[in-house]
Amino acid sequence: MSTIKPIPDGMNTLIPHLICRDASAAIAFYVKAFGAEEQSRLPGPDNKLMHAMIYIDGSPLFLFDERPEWGALSPLALKGSPVTVHRYVNDVDAAVARAVDAGAKIIVPVADAFWGDRYCKIEDPFGHNWSLATHIRDMTSEAIRSEMAKQVSDCGQSAR
């Protein structure tokens, strides 16, 4: 007799579940932009995806086609998203170039951030926000607070 696991293998982390206008196109974008690997897709009777799962660097991501009749709206229908999916990569400059080549739009350009990461923010063609980063220096909490205060102060000076 087999034992059913309440949490399937590999599913013990937070899993973003993205609603996309054309989830099949989103899967193709994530394969090209992030090297995603498709695990499964379940089309409904109308061929819209009821569920799909991909992996990006070993992390699962669920996708679902937009269905306004069910209240399932994509960021494109909502005029944006307040959510950002964060991803650490070995080379943020190369990762951003690859994503832009696949159709992403840069929101925050790649730069060295006060917290020790080389960081940027992009928006994918489906309205989802992604931040990409490469950790470039270890810092204490005190050093991060000091760098943040200096940066905020510098911004205030340049606004005058």
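Time to look at the sheet that holds strand β6 (residues 105-112). If you walk across this open sheet you meet the four strands as β5-β8-β7-β6, and the pairing is mixed. Bordering the open sheet on either side are β5 (84-88) and β6, each of which pairs with just one other strand. Averaged over all pairs of adjacent strands, the angle between strand axes in this sheet comes to 15°, irrespective of strand direction. In the sheet, strand β7 (residues 117-123) pairs with strand β8 (residues 129-135) via seven bridges, with the strands oriented antiparallel. Across the sheet, Ile122 pairs through a bridge with Trp130, a residue of β8. On the sheet, helix α3 (residues 92-102) packs against β6, β7 and β8 and is oriented at approximately 10° with respect to β7.

Relative to the 16 Å expected for 12 residues at 1.5 Å per residue, helix α1 (residues 23-34) spans 15 Å between its end C-alpha atoms, a close match to the ideal helical length. Listed in full, the buried residues belonging to α1 are Ala23, Ala26, Ile27, Phe29, Tyr30, Ala33 and Phe34. Axial view of α1: buried residues confined to an arc of 160°, hence all on one face.

With that settled, consider the environment of Asp117. If you trace the backbone, Asp117 turns up in strand β7. Residues Asp117 and Arg137, spaced 20 residues apart in sequence, show a C-alpha to C-alpha distance of 6.8 Å. Aside from chain neighbours lying at most four places away, what touches Asp117 is Tyr88, Ala111, Asp112, Ala133, Thr134, His135 and Ile136. One polar contact links Asp117 to Tyr88, side chain to side chain, over a distance of 2.7 Å.

With that out of the way, let us pick up the environment of Val100. Within the element layout of this structure, Val100 appears in helix α3. What makes Val100 partly exposed here is its relative accessible area of 34%. Along the backbone, Val100 and Thr3 are 97 residues apart, and their C-alpha atoms lie at a distance of 45 Å.

A positive phi angle is found at Asp22, which is not glycine, with a value near 75°. Looking at where Asp22 falls in the secondary structure, it is placed in the loop between β1 (17-20) and α1. Phi angles above zero are rare outside glycine, and Lys79 is one such case at about 65°. Considering the arrangement of structural elements, one finds Lys79 in the loop between α2 (75-78) and β5.

Moving on: the sheet that holds strand β3 (residues 49-56). Taken in spatial order, the four strands of this open sheet run β1-β4-β3-β2, and their pairing is mixed. Each end of this open sheet is capped by a strand with a single partner; those strands are β1 and β2 (37-43). Going across the sheet, the axis of each strand differs from the next one's by a mean of 20°, ignoring polarity. Inspection of the sheet shows β2 paired to β3 by six bridges, in the antiparallel sense. Across the sheet, the residue bridging to Leu42 is His51, located in β3.

Once that is clear, we can look at α3. Each α-helix winds once per 3.6 residues, and so residues spaced three or four apart point in a common direction. Taken together, the buried positions of α3 are occupied by Val92, Ala95, Val96, Ala99 and Ala102. Mapping the buried residues of α3 onto a view down its axis gives an arc of 125°, with all of them on the same face. Of the surrounding secondary structure, the elements contacted by the buried residues of α3 are α1, β6, β7 and β8. Between the side-chain oxygen of the N-cap and the backbone nitrogen of Asp93 there are 3.2 Å, and the N-cap of α3 in question is Asp91.

What counts as what
- Residues numbered from 1 in each chain as written.
- Predicted model: local features only at pLDDT ≥ 70, side-chain atom pairs only at ≥ 80, totals over all residues.
- Heavy atoms only, no water.
- Pairing = 2+ DSSP bridges.
- Helix = DSSP H or I, 4+ residues; strand = E, 2+ residues; numbered from the N terminus.
- Axes fitted to C-alpha atoms, helices over the stretch in contact; angles between N-to-C directions.
- Contact = heavy atoms within 4.5 Å.
- Expected span 1.5 Å × (residues − 1).
- Buried < 20%, exposed > 50% of the residue type's maximum accessible area, 1.4 Å probe, protein only.
- Arc of directions from axis to C-beta.
- Polar contact = N/O pair within 3.5 Å; in protein donor to acceptor, adjacent residues only side chain to side chain.

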